[in-house]
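So the chains spell out like this:
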Amino acid sequence: MKLFLNILRTGVVLTVLSFTFIGGSTFAAPRPNATDWYIEDFKTDITVKQDGGLDIVEDILADCGQCSDRHGIFRIVPERVKTKEGNVYSTPVTLNDITDEQGNTYPYSESQSTKDGTVTWKIGDADTTVTGEHHYIINYSVDRVVRDQKQFDELYWNLVGGFWTLEMDHVNATIHLPSNLFQKDIQLYTYAGPQGKNGDPKEWMTSQWVDDHTLTLESIQTFPQKHDMTVSMSFPKGLITSATASSQDKLVGIEAIFFALLYYGVFLLPLAVLIVCFLYWRKYGKDPKSNKTIIAEYEAPDKLSPLMMRLLQTYGKLDKQGITAAIVDLAIHNVLIIKETKPAAFLSAAQFNLQKRPESEWKRTLSKTERAFVNGLFHLGDDVSVNSLKLSFYKQVPEIQKIAEQDLTDLGYIDPGKGKKLAGILAGVSVVMGFIGYYLIGLVTTFGLSLIVSAIIMFLFGLVMKRPTLKGAEVLWKIKGFKLFMETVEKYRQQWNEKQNFFEEMLPYAIAFDMTKRWISKMNDIGAVPAANYAPAWYVGTQAFTSFDALTTQISSMSSEIGSHVTTSSGSSGGGFSGGGGGGGGGGGW
């Protein structure tokens, strides 16, 4: 019996110890093979002062494993709070020090952002790289945090910050109340989960009163990026005497007007730009009216090639449909050959080469635009892969579009007047305004967005500012009739039956009208699709078009691959960080 009691006593002790050192550990174990910064433990100790401010000590244990080119972390804290009622409060932040766990001071730089009223501390040395775990102890104070809510006073504070770009394995917060504010006076609410959403706090955290003046909160799972842990404490008025509307120093006068303009007024600029651009478009860019009924046209108006027809429709803009249609059209007229170098397979598309034929074999005299297009396609040589054009052809497009616009103007289709000049001006100004807006968005968000929206409006109006002449409007009306003919080709059997090579001649136009599969299907229904084992001279494939389905699949695959690769430019995009308001803020690693 005594032995049994000793075993039982030992088991109880071990169980208690396991909960103490495992379940109640202050932070999670380090991650093996960390590939970037993450926060192993985030502890914040907050003291609520009698004057309504906070003294805060954040002990952040961050780990970057053995990653290269890492220097430290940055912390962003708001100095301005905007409530859901639209009120804006100033909450000045004062940094006391930033040290490691042994009290050694870290190098850091401080910057302030006017866009959302934040202060940023970038901790570390750009000339020094770090690895492994590092303690960052940030000691700072925030004034005027407790708010007057008319019927009660409230401490509303984001303990973590929903704008962190790093995961947190463990979060622990302790809040110390003044001696005259007790647990019984507090109506407590907690919130946790994705930033901007009211998540269930029970899924993320626990809270517990340690004594009448001390509250602790602790995470129960890893906090992903941009997740909040927020606390709201409501209590009777007057217990913290400075928590009144006047002591909150609510923004008034010139400062309030400035922030109102900053947040809302700048969006008057896009509205003004929209109105001005619309008035100019109405005067100089609006197309001539054409109320005539659309009548089927049995061939391309003015014998326009698919490329020139598409360019007239887009007023000189070279798009995916125009490029693909032009390549197929040029192949059919012996200017080039389309070669399938690798057939489509599971999870991989077919691959194609374009080979330029000798000019003596060409079956059609090319316009200036078409010649520029051919030169652009083969600027790398007379035999190019479609994949290689992905990285280079887009550089040729501006010159081709310039020649196309002049071609359409010389042919009398596009009005060379003020609309065209305004289009160029709007395009240039929109680019400059867009760059300025992109730069300012990191400093003054609303104003930067306002400029970007205005730039987009100007750019779009620039696209439609070029208007056709009466002759151009007439041709555009006929193009609609030509499209009607192709959409209802089965009704006009006599007209197409009189034409030779009707299928090949019309295929590029079907591509230009973005109706390839539908048109081929219609042609099959009326028996106009070439016979089985169709092997055109303009296309060299790994297999013949043995059936209607094979024909549709091969041509659709070819059109899709050529269009997606030739019209795609090489580039990259980046992202930025935006600090937040209402407490907490955010941070990341660098």
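Above this text you will find the structure in question.
Predicted model, so just to flag it, every value in this text is computed and none were measured.

J.: What should I look at first to understand helix α5 (residues 320-332) in this one?
T.: An α-helical turn contains 3.6 residues, so any two residues separated by three or four positions project in the same direction. The end-to-end C-alpha distance of α5, which contains 13 residues, comes to 19 Å, matching closely the 18 Å that a straight helix rising 1.5 Å per residue would cover. Of all 13 residues that make up α5, eleven are buried, and the element is covered over most of its length. Of the residues making up α5, those classed as buried are G322, I323, T324, A325, A326, I327, V328, D329, L330, A331 and I332. Directly after α5, the chain includes N334, whose backbone phi takes a positive value near 65 degrees.

J.: Any chance you could explain the side chain of D41 here in plain terms?
T.: Looking at the secondary structure, you find D41 in strand β1 (residues 38-48). In this structure D41 is buried but unpaired, with K43 as the nearest side chain of opposite charge at 4.1 Å. Polar side-chain contacts of D41 include one of 2.6 Å to the side chain of H170.

J.: Would you take a moment to explain the sheet that holds strand β11 (residues 153-158) for this structure?
T.: Backbone hydrogen bonds hold the strands of a sheet together, and the pairing may be parallel or antiparallel. One open sheet holds the four strands; their spatial order is β10-β11-β17-β14, and the pairing between them is antiparallel. Both edges of this open sheet fall to β10 (147-148) and β14 (187-194), since each of them pairs with a single strand only.

J.: Whenever I open this one, the pattern of salt bridges confuses me. Can you help?
T.: Side chains that differ in sign of charge can pair as their charged atoms come close. Applying the stated criterion across every chain, the model contains nine salt bridges. Put simply, D185 and K184 hold a salt bridge, and the shortest N to O gap is 3.3 Å. D185 sits in the buried class, given a relative accessible area of 18%. Of the charged contacts, one joins R364 and E370 as a salt bridge, the two residues approaching to 2.8 Å between their closest N and O atoms. R364 gets classed as partly exposed once you look at its relative accessible area, which sits at 22%. What you see here is one network of salt bridges that share partners, running through D329, R364 and E370.

J.: What exactly am I supposed to notice about unusual backbone geometry here?
T.: Negative phi values dominate among residues other than glycine, just as trans dominates among peptide bonds. Phi angles above zero are rare outside glycine, and D302 is one such case at about 55 degrees. Here D302 is to be found in the loop between α3 (268-285) and α4 (306-313). Positive phi values are uncommon outside glycine, yet N334 reaches one of about 65 degrees. The residue N334 is located in the loop between α5 and β18 (336-342) in this model.

J.: I would appreciate a short explanation of the packing of aromatic side chains in the present structure.
T.: Any two aromatic rings considered together are summarised by their centre-to-centre distance and by the angle between their planes. Evaluation of the coordinates by the stated rule reveals eleven aromatic pairs. Note on Y298 and F485: the rings are 5.5 Å apart at their centroids and 75 degrees apart in plane angle, and the pair reads as edge-to-face. On the criterion of sequence distance, the pair formed by Y298 in the loop between α3 and α4 and F485 in helix α11 (residues 470-487) is long-range, its members being 187 residues apart. Judged by relative accessible area, Y298 falls into the partly exposed class, the value being 33%. Both rings, one in F352 and one in Y539, keep their centres 6.4 Å apart while their planes meet at 55 degrees; by these two values the pair is tilted. Taken together, the positions of F352 in strand β19 (residues 351-356) and Y539 in strand β21 (residues 539-540) put the pair 187 residues apart, joining distant regions of the chain. Taking relative accessible area as the criterion, F352 reaches 4% and is therefore assigned buried. The rings of W37, Y106 and Y136 are connected pair by pair, giving a single aromatic cluster.

J.: Would you mind showing me how to read helix α6 (residues 368-377) here?
T.: Among the ten residues of α6, seven are classified as buried, and the element is accordingly described as predominantly covered. Residues T369, E370, A372, F373, V374, G376 and L377 constitute the buried set of α6.

J.: Looking at this structure, I do not really get the packing of α6 against helix α8 (residues 397-410). What am I missing?
T.: Relative orientation and spacing of two packed helices are given, respectively, by the angle between their axes and the distance between those axes. Where α6 contacts α8, the axes come no closer than 8 Å and their chain directions differ by 170 degrees. Classed by the angle they form, the pair α6 and α8 counts as roughly antiparallel. Across the interface between the two elements, K368, T369, A372 and F373 of α6 pack against I400, I403, A404 and D407 of α8.

Cut-offs used in this document
Residues numbered from 1 in each chain as written. Predicted model: local features only at pLDDT ≥ 70, side-chain atom pairs only at ≥ 80, totals over all residues. Heavy atoms only, no water. Helix = DSSP H or I, 4+ residues; strand = E, 2+ residues; numbered from the N terminus. Expected span 1.5 Å × (residues − 1). Buried < 20%, exposed > 50% of the residue type's maximum accessible area, 1.4 Å probe, protein only. Lys, Arg positive; Asp, Glu negative; His and termini not counted. Salt bridge = Lys/Arg side-chain N within 4 Å of Asp/Glu carboxyl O. Polar contact = N/O pair within 3.5 Å; in protein donor to acceptor, adjacent residues only side chain to side chain. Pairing = 2+ DSSP bridges. Phe/Tyr/Trp six-rings, centres within 6.5 Å; stacked < 30°, edge-to-face > 60°. Axes fitted to C-alpha atoms, helices over the stretch in contact; angles between N-to-C directions. Parallel < 35°, antiparallel > 145°, perpendicular 65-115°, else oblique. Contact = heavy atoms within 4.5 Å.

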